[in-house]
Amino acid sequence: MLVGRKICGHASPHAHACAAVHTCPWKGGSTLNKWLQALLALLVFAGLWALSWWAFLPQGHELAVWNTRLGDGQLREYQVPFSMLVKEPGERVLEARLPLTDDDVLVLPRPLCHGLRVEINGVPVGGVGSFLQPTANIWNATHVFRIDGVPRAEGDVLTLTFYSLHDFGLLFMPYTARSDDILFRLDLQRMLSEGIALIVAGTAFALAIMLLMMSGTTKKWRHAYWAFAAGNLFYILYGCEYVFRLETGTLGQFLGFRKVFVASIYLASGAVFLGMRMLQSRAWFRMPVAFLFLLPCAVIAVLPTFYMLKVFVDACNVLLIFIFMYLMWMEGRNPGTRLVFPNLFFFLTVIQSIMVLLLRQPQIYFVNAGVLVFFLGLSYTLVNHVTHTEREKDNFAAQLRLDALTGAYNRRHLVSTGMETDDCLIFLDIDRFKAINDTQGHAKGDEVLRTVARILKQETRLIDDVVRYGGDEFVVLLRETDEATGESRARQIASALAALPQPIGISWGISLYRGSLEESIQQADARMYGMKRGSLGDGDPENP
């Protein structure tokens, strides 16, 4: 009966098992592998940039020139892309000449505003959000309006009325097109802008749960795993900034939510940064870094207007660039890091997103893709680390139950092993072993012990266990074996030892397992001594 019993072969010791249990999960891999990961990160980033550029490429008649009327009644012309900060919330109007075509939709990718109305020659075409409660979160979406129901003529005027809380403008080229020609690109735009944010939120939540569960498996990395879990949860809050919403409460509530969302990215970055520092045992660097990430959050909490929040966050994003540059520099100094690809890709997306934000470039933010790749890389590394750690713990536990000299199990194994009533054991002793040590030296005695252990393993099955009980005594646990078969197996072992170039004699005793391993060993031990006295004489069994 082998049900419920751990079956193991004759394992050999692992010399570095204890050290491997405490290895940092980041470390491992060759220098060549690190450069290959870096090259892959650059290629994937370039591919993402090319895909984004293609997805947002206008597929119709571009509307590149726009006019707005200033306070003194003068017209001012803008070329897309353009944007500007506004200190006071309010309406801003842009006008453009609409070409006379058979296009049936107007496409406005990611307009910078919190409420939008669209008119052609004063006839309403559509809108997004409310001007009475301008708290819509619409900047991260592409908006499509049907224009085929409006009477058209040469020189039509397209009017966009923005309600802006802190900035307004058009960073991506508006255009008119046939709806059938742009469906695929619109779906791809939604995936790159909104869909990936939802994927990242789900991945971050799953990883946070996994990290909290993993923290119970290790004391050494527990606090680092907590920090990573907190970073994931904070990033889920920040991800709300990318979610399309037609309304976010009152203006005061919207400002409060914006503060929470924006502060969350600094808290998430700080938590992940601290987690990595903890894994690398740089305790002295934890508190200054925590201060760098907490200070912007404290300032954000007291800012009274959307404009001041926008200006301050833009300035803090420059700080993020330098922090992540330092992080990448530190990771680059570690020749064995396993996170080169996700770290470098994440770093590139952060730099790209912040530069787009500061320079007002017509590109989407790649940071969500970077976070997704980083989370996946982190998940793989941590799961692999936990799996490796558990395997090393098992190996280390097995090593503690192995005899260093012979490779057989030691007496600790007898405490943890299980036996059934249809098992039996052989208790054997090497004849005249003391004389071998006295006349030929302990090195020869050690050789004899290793030889006996080797023959015992050869003559038994994988489900049987060979145990060095002490000195020159061995116990062989035979699974599903009756006493007669055990006696036959003992004689087979004795014959194999006697057939060696330098024959080795043994005495043995057989005992069936009757519910107590200690009593069974005592019974077999007594029978072994009876055999030894009978074969060697009535004197001292070791000195006949």
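These remarks concern the structure in this document.

Conventions used here
Residues numbered from 1 in each chain as written. Predicted model: local features only at pLDDT ≥ 70, side-chain atom pairs only at ≥ 80, totals over all residues. Heavy atoms only, no water. Salt bridge = Lys/Arg side-chain N within 4 Å of Asp/Glu carboxyl O. Helix = DSSP H or I, 4+ residues; strand = E, 2+ residues; numbered from the N terminus. Buried < 20%, exposed > 50% of the residue type's maximum accessible area, 1.4 Å probe, protein only. Pairing = 2+ DSSP bridges. Axes fitted to C-alpha atoms, helices over the stretch in contact; angles between N-to-C directions. Parallel < 35°, antiparallel > 145°, perpendicular 65-115°, else oblique. Left-handed = near helix turned anticlockwise from the far one by under 90°. Contact = heavy atoms within 4.5 Å.

### Considerations on the pattern of salt bridges
It is possible for side chains of opposite charge to pair when their charged atoms get near one another. Throughout the structure, instances matching the rule amount to 18 salt bridges. Between K532 and D429 there is a salt bridge, with its nearest N and O atoms 2.9 Å apart. Of this pair, K532 sits in helix α14 (residues 517–536) while D429 sits in strand β13 (residues 424–430), placing them 103 residues apart in sequence. Like D429, K532 is buried. The closest approach of N and O atoms between K532 and D431, which form a salt bridge, is 2.8 Å. Pair noted here: K532 is in helix α14 and D431 is in the loop between β13 and α11 (433–440), with a separation of 101 residues, a long-range link. With respect to class, K532 is no different from D431; both count as buried.

### What about the sheet that holds strand β1 (residues 61–62)?
Within a beta sheet, neighbouring strands are joined by backbone hydrogen bonds and run either parallel or antiparallel to one another. If you walk across this open sheet you meet the 4 strands as β1-β12-β6-β9, and the pairing is antiparallel. The open sheet has two edge strands, β1 and β9 (142–146), and neither has a second partner. Note: strand β6 (residues 105–109) against strand β12 (residues 175–177), 3 bridges, orientation antiparallel. The partner of L106 across the bridge, within β12, is T176.

### A few points about the packing of helix α3 (residues 179–214) against helix α4 (residues 222–239)
Close contact between α3 and α4 brings their axes to 8 Å; oriented N to C, the two are set at 160°. Here α3 is positioned roughly antiparallel relative to α4, judged by the angle of their axes. Of the two possible hands of crossing, α3 and α4 adopt the one that is left-handed. Listed contacts from α4 to V200, A201, A204, F205, L207, A208, L211, L212 and M214 of α3 are Y225, W226, F228, A229, N232, L233, Y235 and I236.

### Focus: the environment of L116
On the secondary structure map, L116 appears in strand β7 (residues 116–120). Note: C-alpha distance between L116 and F131 (15 residues apart in sequence) is 7.9 Å. Beyond its immediate sequence surroundings of up to four residues, L116 is in contact with L108, P111, G126, G127, V128, F131, I138, F145, L160, T161 and F162.

Function-wise, these values are silent; they only describe arrangement.
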